[in-house]
Structures are given as C-alpha cells and as structure tokens.
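Observations on chain architecture
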Amino acid sequence: MPLPLSILEQLLRWEQELDNWPPLQPLLQQRALPVEPLRHPEFQRHGVSVEVLRGDRLHPLVSGNKWFKLKYNLLAARRQRSPALLSFGGPWSNHLHALAAVARLLDWPLRGVVRGEEHHARSTPMLREASAWGMRVETVNRHRYRQLRGQPDLVGAAAHYVIPEGGDNWWGLLGAASMALAISGDPQRFSHVLAAVGTGCTLAGLRLGLPAGVEVLGISALKGAWQLPAMERRMAQLPGPPAPWHLSLAHHRGGFAVADPALLSFMAEFSDNTGLPLEPVYTGKAMLALLDYLARGIIPSGSRVLFVHSGGLQGQRGFRPPESTPNLSR
Ligand SMILES: *Cc1c(COP(=O)(O)O)cnc(C)c1O
C-alpha cells in the first residue's frame, strides 16, 4: 500500500466524524461503492476484464468524485466553526453543483464565485439548481476570477471556509484517496485503474490510496501540455513510496467539454450495449481512451481493469453539439 498507516488511521477517524453528522447520512450509505463487471465485445476480443466503480450511483445530486473531495473539507470547515462556505468554478461546474447540494443538506450558507461575467444565476442548469438550493452566485470576468481564485482574501476568505476550484486541496486529495478504500473487495486484484482527469486531484488521490502494484491511468479532459509537469510535481509530493501512474493528454478530443458527433454516438451505442450511462465531458472520453489502449496493446491481454465512473451525469443536461458549445476553457 502506498498509503502510509498514519494517513489511513486519520482517514478512519474522519470517517467516524462523518458518521456522527446526521444530515450527511444519505451520502454515507454507500460507503462501499459498488463495483460491477462491464461486458463489451471489445473487452472480450482483447482478453481483458473490466469492472466499473459506480461513483455515479453515490447519490442522485452529489455524484461521483465530487463528494469524496468535499467531505473532509466540510469537517475542516466545521472544526473551524466557519459561518459560511465559499468556492469557485465555471458555469458548468460539477463541483459547485455538488457543493451547493451538500451545503443545502447542511443548511450552510454558500457563496459561489463563477467564472464569466456574461453568466448569471440562471444561465446553466447547474447554476440554476445551485442557486435554487441557496448558493449565492457571484459572476466575475475571467481576469478577476483568476485573481480571486489565487487570493480568496479579496472575496472575504476570513469569514468563510474556502474550498478551491474543483475541491482540489489536501483534504480533497485525501478524500479522493478514500475512494480507493471504498472499492468493494480487494483492489489488489486490478492491474490497472483508469479515471478521467480535470484538476488531477482525484487521480493523485487514487494513486495515494491504491496499492503500489496497481497502475493508475488518468485521461485528461483538458487540452494543454502544462498538465504533465503539474501532475509530476503533484505525484512527487505524495507521501509513501513512488508507484506507477500515467497521464494521457491525447484523448481530450478537441478540449474541455468539446463533444464531437463521433463521441456522442459512441456514448449512445456504448450505453445501449452495456447499460452503463456516460457523459461527454469526462467519462465518455475516458471510456474511448480505454478502448484505444486496448486496441494499441497498451493495456495488454490478461489485464484486469477498474474503470472509475466519476459521475457527472447531472452535467449532461443541456449539453449542446460543438457549434453551440459554450466556451468552457479553463
Ligand atoms: C470533476 C470531475 C472529474 C475530474 O476530477 P479531478 O479531481 O478534477 O481531476 C472527473 N469526472 C467527473 C464526472 C467530474 O465531475
């Protein structure tokens, strides 16, 4: 296990703390996430077994990896007795949406700083719901957004507990590591674990939480070579002995939230075939990457793969084809 024992003990203590927080119980019922076999002719043809970690089954509103990245942040905020929460995101942010749902469960005031002054509280289904749940939507231009994100004091960090964009901080990373502990059965049985990457917090957390013998493969949903050195730095900072990982920058299909017709028809065919729903921003592209890895022998015959379904299905609503796709570049 690359997860040092001291960290494991810490996580178990925090899980107990969460157990004693009644409004969160609906989110904790599935502490062991379901792992289901996935059958597809291509998997069979390449002699590979694939199972799916159903992060999408966690909760109808707070899906997938977002809850994992939030939960220890919420404990930290409670310990600090913060009167309110503050976070950042784009207008389509799964993170702000999930946080708004949780803040409502906890009846905790939330401010969401949203990138893009052309947006408002009703401009996307995500913001509409988040604001209906009580999130105060504060839209700012991109320059101001970057400034505030880097210096949350300017928006009143003193009076709030600040959760960074995407829930990407040390608590988020430890929460993502606990996702590895939530895999039912022995994770040692997998040769590869494959997950979609945005900030990279989830991938680093999985690397920390999974046994060193499991290779962790990340498929970036974003375009940009800067991600590789950033991920290298992040992985190098993890406690414990180094363990194998790989980040693909070649499967974003044109960039963040760009959905081409081939991707959309693949997703439709795939869920007809397997019964597994995917969304176009993260998990659809990650599944296509898995098929590509099989076709190219990068994941060899005989492998046992765990595909992490990181959720995000609520983000599918209102998704448009490329010509009218809103500019979601980060
Ligand atoms: C946010 C998100 C990711 C990316 O997670 P990171 O920790 O930011 O890398 C992957 N999949 C889905 C469905 C998401 O919503």
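The shown structure was predicted, so the numbers you read here are calculated from the model rather than taken from an experiment.

1. Regarding the site of the ligand
Within the structure, the ligand sits among 14 residues, and Lys-66, Asn-94, Thr-199, Thr-202 and Ser-310 are positioned closest to it. Within the contact set of the ligand, a nitrogen atom lies 2.6 Å away from a side-chain nitrogen or oxygen of Ser-310. Out of a free accessible area of 380 Å², the ligand has 98% covered by protein chains. Contributing elements (two or more residues each) for the shell around the ligand: helix 4 (65–79) and helix 9 (201–209). The class makeup of the residues in the shell around the ligand is 3 nonpolar, 9 polar and 2 charged.

2. Brief notes about the sheet that holds strand 3 (residues 85–89)
Consider a sheet: its strands pair through backbone hydrogen bonds, and that pairing is either parallel or antiparallel. Read from one edge of the open sheet, 4 strands run 5-4-3-6, paired in parallel fashion. Edge positions in the open sheet fall to strand 5 (135–140) and strand 6 (161–163), since each of these has one partner strand only. Averaged over neighbouring strand pairs, the angle between their axes works out to 20 degrees when direction is ignored. Pairing between strand 3 and strand 4 (residues 110–115): 5 bridges, direction parallel. In the strand pairing of strand 4, Phe-88 is matched with Val-113. Where helix 7 (residues 142–150) meets the sheet, it contacts strand 3, strand 4 and strand 5, and its direction lies at approximately 135 degrees from that of strand 4.

3. Observations concerning the domain arrangement of the chain
Examined at the domain level, the chain breaks down into domain 1 (5–63 + 171–319) and domain 2 (83–159). Between the C-alpha centres of domain 1 and domain 2 the distance comes to 25 Å. Taken residue by residue, the interface counts 12 residues in domain 1 and 13 residues in domain 2. Summing both sides of the interface, domain 1 and domain 2 together bury roughly 1100 Å²; the carbon and sulfur share of this comes to 70%. Where domain 1 touches domain 2, the interface holds 0 salt bridges.

Definitions and limits used
- Residues numbered from 1 in each chain as written.
- Predicted model: local features only at pLDDT ≥ 70, side-chain atom pairs only at ≥ 80, totals over all residues.
- Heavy atoms only, no water.
- Near = heavy atom within 4 Å.
- Polar contact = N/O pair within 3.5 Å; in protein donor to acceptor, adjacent residues only side chain to side chain.
- Areas by Shrake-Rupley, 256 points an atom, 1.4 Å probe, with all protein chains shown as cover.
- Helix = DSSP H or I, 4+ residues; strand = E, 2+ residues; numbered from the N terminus.
- Nonpolar A, V, L, I, M, F, W, Y, C, P; charged D, E, K, R; others polar.
- Pairing = 2+ DSSP bridges.
- Axes fitted to C-alpha atoms, helices over the stretch in contact; angles between N-to-C directions.
- Contact = heavy atoms within 4.5 Å.
- Domains from an automatic or database assignment.
- Buried area = accessible area lost by both parts, 1.4 Å probe.
- Salt bridge = Lys/Arg side-chain N within 4 Å of Asp/Glu carboxyl O.

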